[in-house]
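Residue-level structural notes
Residues per chain are reported as follows:
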Amino acid sequence: MLRHEFQPGRLVAGSFLILAGVIYAGDAGDAWETPWFVVIPVVIGGLCLAGAVGALTRAIRRRRAVGRTKPAGPQPMEPVEPS
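What comes next is a walk through the structure. Just so you know, the residues in each chain are numbered from 1, in the order the chain's sequence is written. Reporting of local features is limited, given that this is a predicted model, to residues whose pLDDT is at least 70; pairs of side-chain atoms are given and counted only at 80 or more, and all residues count toward the totals for whole chains, interfaces and linings. Values reported for side chains reflect all heavy atoms of the structure, with hydrogen atoms and water molecules removed beforehand.

**With respect to the packing of aromatic side chains**
- Classification of ring pairs rests on two measures: the distance between centres of Phe, Tyr or Trp rings, Trp counted by its six-membered ring, which must be within 6.5 Å, and the angle between planes, read as stacked under 30 degrees, edge-to-face over 60 and tilted in between. By the definition in use, this model includes one aromatic pair.
- Pairing Trp 36 with Phe 37 gives two aromatic rings, centres 5.8 Å apart and planes at 90°, and the pair type is edge-to-face.
- When a residue's accessible area, from a 1.4 Å probe over protein chains only, is under 20% of the maximum for its type it is buried; when over 50% it is exposed; and in between it is partly exposed. According to the relative accessible area criterion, Trp 36 is exposed, its value standing at 62%.
- We classify Phe 37 as partly exposed; its relative accessible area is 47%.

**So, the pattern of salt bridges**
- We define a salt bridge as a contact between a side-chain nitrogen of Lys or Arg and a carboxyl oxygen of Asp or Glu at a distance within 4 Å. Overall, the coordinates contain one salt bridge when judged by the stated rule.
- Put simply, Arg 61 and Glu 5 hold a salt bridge, and the shortest N to O gap is 3.2 Å. Here Glu 5 lies in the segment before α1 (8–28) and Arg 61 lies in helix α2 (residues 39–67), a separation of 56 residues in the sequence.
- Judged by relative accessible area, which is 35%, Arg 61 ranks as partly exposed.
- Judged by relative accessible area, which is 46%, Glu 5 ranks as partly exposed. Put simply, DSSP H or I for four residues or longer makes a helix, DSSP E for two residues or longer makes a strand, and each gets a number counted from the N terminus.

The analysis is restricted to geometry; functional conclusions fall outside its scope.
Shown next, in the form of structure tokens:
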């Protein structure tokens, strides 16, 4: 059983922030030269993409929740009143 629900928007945001950290770490370690302004589009683009993924995930979960009115599985029989 999952301890919490999966949130793909946070996964996308975290991935892009890790990418920004790797870019700066490579520049600090003299592996390559990176201008300071290169990371801004990476972070902003990642946050925008994460927002879009989060909104899409929420829309999908809401749509699925509307169709579910009864819990899955066998239902107990309702008592029949004599007439």
